[in-house]
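Breakdown of the fold
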Number of protein chains: 2
Amino acid sequence: MTAYKDLSVEELQSLKKELEAQFAEIKAKNLKLDMSRGKPSKAQLDLSMGMMDVLSSEADLTCEEGVDCRNYGVLDGINEAKQLLSDMSEVPKENIVIFGNSSLNVMYDTISRSMTHGVMGSTPWCKLDKVKFLCPVPGYDRHFAITEHFGIEMINIPMTPEGPNMDMVEALVNNDETVKGIWCVPKYSNPQGYTYSDQTVRRFARLKPAAKDFRIYWDNAYTIHHLHDDNQDYLIEILMACKQEGNPDMVYKFCSTSKISFPGSGIAAIAASTANLADIRKQMTIQTIGHDKVNQLRHARYFKDIHGVVEHMRKHADILRPKFEAVIDVLNKELSGLEIGSWTQPRGGYFISFDSLEGCAKAIVAKAKEAGVIMTPAGATFPYGKDPKDSNIRIAPSFPTPEELSMAANIFVLSVKLVSIDKILGEK
Amino acid sequence: MTAYKDLSVEELQSLKKELEAQFAEIKAKNLKLDMSRGKPSKAQLDLSMGMMDVLSSEADLTCEEGVDCRNYGVLDGINEAKQLLSDMSEVPKENIVIFGNSSLNVMYDTISRSMTHGVMGSTPWCKLDKVKFLCPVPGYDRHFAITEHFGIEMINIPMTPEGPNMDMVEALVNNDETVKGIWCVPKYSNPQGYTYSDQTVRRFARLKPAAKDFRIYWDNAYTIHHLHDDNQDYLIEILMACKQEGNPDMVYKFCSTSKISFPGSGIAAIAASTANLADIRKQMTIQTIGHDKVNQLRHARYFKDIHGVVEHMRKHADILRPKFEAVIDVLNKELSGLEIGSWTQPRGGYFISFDSLEGCAKAIVAKAKEAGVIMTPAGATFPYGKDPKDSNIRIAPSFPTPEELSMAANIFVLSVKLVSIDKILGEK
């Protein structure tokens, strides 16, 4: 394939005509395809339907501690649920607290608590003139929305296939007392599907924060969300790494079963040091009498143990793998060598990240929409919705069928080609 | 019966001896009885076990809007759940938002949001030098814990059988801009079981708050929690009352199914004006993708409609009524005429309130504990845990059996008598 930039104006114009004809043809089909959000598909949801039967009216809803799960009590989670989610988080059971249906909510509450009450005795952030967070980019829009909501200044940190640029992270965290946190999706990152390297995790653990109340917000959303059995990423466990480096309190780790059982009807957890959890419990005991123990029990009895979860994730992988392949096949086949974009080929998680030529992302997303394909809005993967290069596009292949994805991906690559040609022509 | 204060020192001393012997006899039984918290009993929990079967693996978990409840989506509650809880709250469906498993959590979040973001555009409370809340006393300890946690100054407002002292409420709310809220349990109040009179609700609706961001925190926890079929309290609906008086935004109303289905595994809601809900949704959309819709659907399908809930509450009443009667019978029989205490005889809710002679409550609770009866700590019904008269004791009769309650109540009255005699003797 010849790179587009090496084609003549005439060649580009003729190619454009041809592609526009193809686009018009597809557009006439009035398709409606959605690659915008990391939603499991119906087939994936069906995998967990057995969960609806595991607690029948005949069941004894008493948990291991002897507590009737139907009644008040047990602030931080029943033993069975702690076992399951601590195994999933690869931390000891005493380092975990179980919450409600969403880890996003736990993260929000963590920031909110820091605003009003500080962190382990520090000055509440709402009393400070300036609070900053580091945001590896591209990243997860809902993380950035939380920090923006609380008026926290966000600083972009470029991502690499090894994780965030750690030179920048160290320089900022170790020298600027107003830097209070960093958002991380360390495994199969959103949207690139990168996993932080051993060296990156070690550099995180060895940070010497200027702010005592600096915390790493380690959103391990895709901890066991592999696409393959034999080709999986491994991430060093951050709590232990921090403990070994003398920084036991430096990290909050979040996880949930949202993409394991049912999104919105799962259970979430935070893993942290004893001192951090004591700080968290002080607020929790004011906020709630306890989370939904019946649902905790439902999860524990359905999956039985972490091995049960891992086996369950294999079934998710069998559904997701062909979808990732469908999209990546089209990208490889249609765009390789054209030098108008690059894309990731993740081994897990929920997303593929695409980088177009500079200044083209918004136009590509708009173009695809013309033909009925909804993408995540360009810019959404950056704080304040502003991608300085206007080049990153998140592709979410989980919800449509592989056939729909092939169609959607073909519309997407057509859009990429057309917008790129316009850009190159404009520069010639 | 002769009032204790009219007995001679000799009579009191001889009576004390006799009562001490009775107390020693009961104490020797090593009983363990708990009248401390408003927990439903096992028999009450069993009433809702059918809920475990209503969504089987064969069920279609699509809600009325056509959304698959197993997946992400629907921020503020599925239609069926809104219908159910708006009927329960006696407000239009468009004035309700469904939350997670606990109304306490919703109240906490409401205060937390006001601290960090203000109320409908007002200055965030964390930026103000002083924020005050009015607290009708005796009241609910967990309300007071929230306001204390956020450093909000609490002002005691004496309760009457008609509701809070409205002269005080009006004087403070209408003249002091730092007064931002009042905690109310307006029906079958915690702990007295009083229901605010029509006149009280009207005076609430006609308040002219000095602070634009003043809100009434109307915790309608016991809205349909009657003990009788024919002898029920009626409470004027506050949202409409405020709207009629030109104060549509002045109230947040909270409710949940905690004491209808399963405490901790139910669903909660807030009812408020359109403008308030818009303000709340702005934050909600940052905090969560949505609450547990499967559990919302479970509740809606199990109860079918508000009539189903009302019929279900009759079964709760049949279990609770004999328990209230068991306690009140003992109080009436053992303490009437002695002038060493007074107690309420509620027609609904979860509590009986007892007022001892001044300065005796702590001693009575301690005495009862000696014989194995756990009461709510004296003082808990007041802000900062400080009952200025040390006289109020909350009795929670829901959890033990009627037989256990008779025993516990007998120990309680013995404790009241012994402590009162000591007080009277000390004054003679």
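Being a predicted model, the structure only gives us computed values, none of them experimental. (Residues numbered from 1 in each chain as written. Chains lettered and ligands numbered in written order. Predicted model: local features only at pLDDT ≥ 70, side-chain atom pairs only at ≥ 80, totals over all residues.)

1. Comments concerning the overall build of chain A
In plain terms, the rule: Each helix is a run of DSSP H or I of at least 4 residues and each strand a run of E of at least 2, with the numbering of both proceeding from the N terminus. Burial in this document is a count-based property: other C-beta atoms within 10 Å of a residue's C-beta are tallied, and the residue is buried at 20 or more, exposed at 12 or fewer, or partly exposed in between, with C-beta positions derived from the backbone. Think of it this way: build a C-beta for each residue from its backbone, and any pair within 7 Å is a contact.
Counting its secondary structure elements, chain A contains 13 helices and 13 strands. Seen through its principal axes, chain A has C-alpha atoms that stretch 75 × 55 × 35 Å. In chain A, which comprises 428 residues, the proportion classed as buried is 53%. Nonlocal contacts in chain A, meaning residues at least 24 apart in sequence, comprise 76% of its contacts between residues at least 6 apart.

2. Section: the pairing of strand S4 (residues 153-160) of chain B
All names here are of chain B. Put simply, the test is: What makes two strands pair is DSSP finding at least two bridges between them.
Relative to S4, strand S3 (residues 132-137) runs parallel, the two sharing six bridges. Residue pairing for S4: Leu 134 is matched across the bridge by Ile 155. Examined bridge by bridge, S4 and strand S5 (residues 163-164) share two bridges and lie antiparallel to one another. Bridge pairing in S5 places Thr 160 opposite Gly 163.

3. So, the relation of the copies chain B and chain A
As a reminder of what qualifies: A residue counts toward the fit only if its pLDDT is at least 70 in both copies, and the copies are then superposed by least squares on the C-alpha atoms of those residues.
Each copy superposes on the other: chain B lies on chain A with an RMSD of 0.0 Å after a rotation of 180° and an axial shift of 0.0 Å. What we have between these two chains is a two-fold relation. Interface overlap between copies is the fraction of interface residues in one copy that are interface residues in the other; for chain B against chain A it reaches 100%, indicating a shared surface.

4. What to know about the interface of chain B and chain A
As a measure of interface size, the accessible area lost when the parts come together is often cited. Between chain B and chain A, the residue contacts involve 44 residues of the former and 44 residues of the latter. Mapped onto the side of chain B that touches chain A, the elements with two or more residues apiece are helix H2 (42-46), helix H4 (103-117), helix H5 (141-149), helix H9 (274-287) and helix H10 (293-303) of chain B. With six residues, the top contributor of residues to the side of chain B that touches chain A is H4(B).

5. Some details on the sheet that holds strand S10 (residues 341-343) of chain B
All names here are of chain B. As a reminder, the rule being used: In this analysis, axes come from line fits to C-alpha atoms, helices being fitted only over the stretch in contact, and the angle between any two N-to-C directions falls in the range 0 to 180 degrees.
An order of S10-S11-S13 is seen for the three strands of this open sheet, with the pairing classed as antiparallel. At either margin of the open sheet sits one strand with a lone partner, and together these are S10 and strand S13 (392-395). If you compare each strand with its neighbour and ignore which way they point, the axes differ by 20° on average. Where S10 meets strand S11 (residues 352-356), three bridges bridge the pair, whose relative direction is antiparallel. Looking at S11, one finds that Trp 343 is bridged to Phe 354. Where helix H12 (residues 361-370) meets the sheet, it contacts S11 and S13, and its direction lies at approximately 40° from that of S13.

6. Some points on the domain arrangement of chain A
All names here are of chain A. Note the following rule: Domains are outlined according to an automatic or database domain assignment. Here the term charged refers only to Asp, Glu, Lys and Arg, the term nonpolar to Ala, Val, Leu, Ile, Met, Phe, Trp, Tyr, Cys and Pro, and the term polar to all other amino acids, Gly among them.
Domain parsing of chain A yields domain 1 (4-44 + 310-427) and domain 2 (63-304). On the domain 2 side, the residues contacting the 26 residues of domain 1 number 28 residues. Mapped by element, the contributors of at least two residues to the side of domain 1 that touches domain 2 are helix H11 (306-335), strand S11 (352-356) and strand S13 (392-395). Top contributing element to the side of domain 1 that touches domain 2 by residue count: H11, with eight residues. Counted by class, the side of domain 1 that touches domain 2 contains 14 nonpolar, seven polar and five charged residues.

7. Overview of H9(B)
Put simply, the rule is: What a helix is expected to span follows from its residue count: subtract one and scale by 1.5 Å.
Taking 1.5 Å of rise per residue, 14 residues should cover 20 Å, and H9(B) covers 20 Å from first to last C-alpha, within 8% of that figure. For H9(B), every residue scored as buried is listed here: B:Asn276, B:Asp279, B:Ile280, B:Met284 and B:Gln287. Where H9(B) is buried, its residues meet helix H4 (103-117) of chain A together with strand S2 (96-98), strand S8 (251-256) and strand S9 (268-271) of chain B.

8. Re unusual backbone geometry
Residue and element names in this part refer to chain A. Here the amide bond leading from Val 137 into Pro 138 is cis, since omega sits at -5°, within 30 degrees of zero. One can find Pro 138 in the loop between strand S3 (132-137) and helix H5 (141-149). Positive phi values are uncommon outside glycine, yet Lys 304 reaches one of about 70°. Note on Lys 304: 13 C-beta atoms within 10 Å, which makes it partly exposed.

9. A look at the pairing of S11(A)
All names here are of chain A. The buried count for S11 comes to four of five residues, which makes it a mostly enclosed element. Bridging between S11 and S13 involves four bridges; their strand directions are antiparallel. Bridging across to S13, Ser 353 finds its partner in Arg 394.

10. Considering the packing of H4(A) against H5(A)
Residues and elements named next belong to chain A. Convention followed: Working definition: roughly parallel below 35 degrees, roughly antiparallel above 145 degrees, roughly perpendicular at 65 to 115 degrees, and oblique for all remaining angles. Each crossing gets its hand from how the near helix is turned against the far one by less than a right angle, where anticlockwise is left-handed and clockwise is right-handed.
Across the interface, H4 lies against H5 with an axial gap of 10 Å and an inter-helix angle of 25°. Between H4 and H5, the interaxial angle falls into the category roughly parallel. Between H4 and H5 the crossing geometry is right-handed. Residue-level inspection shows Leu 104, Met 107, Tyr 108 and Ile 111 of H4 in contact with H5, the latter providing Arg 142, Ile 146 and Thr 147. Of the residues that constitute the contact of H4 with H5, the class distribution is five nonpolar, one polar and one charged.

11. Overview of the sheet that holds S11(A)
Residues and elements named next belong to chain A. An order of S10-S11-S13 is seen for the three strands of this open sheet, with the pairing classed as antiparallel. If you trace the sheet from one side to the other, it starts and ends with strand S10 (341-343) and S13, each paired once. In this sheet, neighbouring strand axes are inclined to one another by 20° on average, regardless of whether the strands run parallel or antiparallel.

12. Observations regarding the packing of H4(A) against H4(B)
Helix-helix packing: each pair is described by the crossing angle between the helix axes and the interaxial distance. Here H4(A) crosses H4(B) at 60°, and the two axes come no closer than 10 Å. Of the possible angle classes, the one that applies to H4(A) and H4(B) is oblique. Handedness of the H4(A)/H4(B) crossing: left-handed. Of the residues in H4(B), those touching H4(A) at A:Ser112, A:Met115 and A:Thr116 are B:Ser112, B:Met115 and B:Thr116.

13. Topic: the confidence of the model for chain A
What counts is decided by this rule: A score from 0 to 100, pLDDT tells how confident the predictor is in each residue.
Put simply, chain A has an average pLDDT of 97, and 100% of its residues get 70 or more. Two summary scores accompany this predicted model of the complex, namely pTM at 0.97 and ipTM at 0.96.

14. Some thoughts on the environment of B:Ile238
All names here are of chain B. By secondary structure assignment, the location of Ile 238 is in helix H8 (residues 238-244). Residue classification places Ile 238 among the buried positions, given that 25 C-beta atoms sit within 10 Å. C-alpha separation for the pair Ile 238 and Phe 204, spaced 34 residues apart in sequence, amounts to 8.4 Å.

15. Quick look at helix H3 (residues 79-89) of chain A
All names here are of chain A. The buried fraction of H3 amounts to eight of the 11 residues, a majority that puts the element mostly inside the structure. Restricting attention to buried positions, one finds in H3 the residues Glu 80, Ala 81, Lys 82, Leu 84, Leu 85, Ser 86, Met 88 and Ser 89. Where H3 is buried, its residues contact strand S2 (96-98), strand S8 (251-256), strand S9 (268-271), helix H10 (293-303) and H11. Where H3 terminates, the next one or two residues include Glu 90, which has phi positive at roughly 60°.

16. A closer look at the environment of B:Lys333
Mapping B:Lys333 onto the fold places it in helix H11 (residues 306-335). Residues B:Lys333 and B:Val413 lie 80 residues apart in sequence; the distance between their C-alpha atoms is 9.9 Å.

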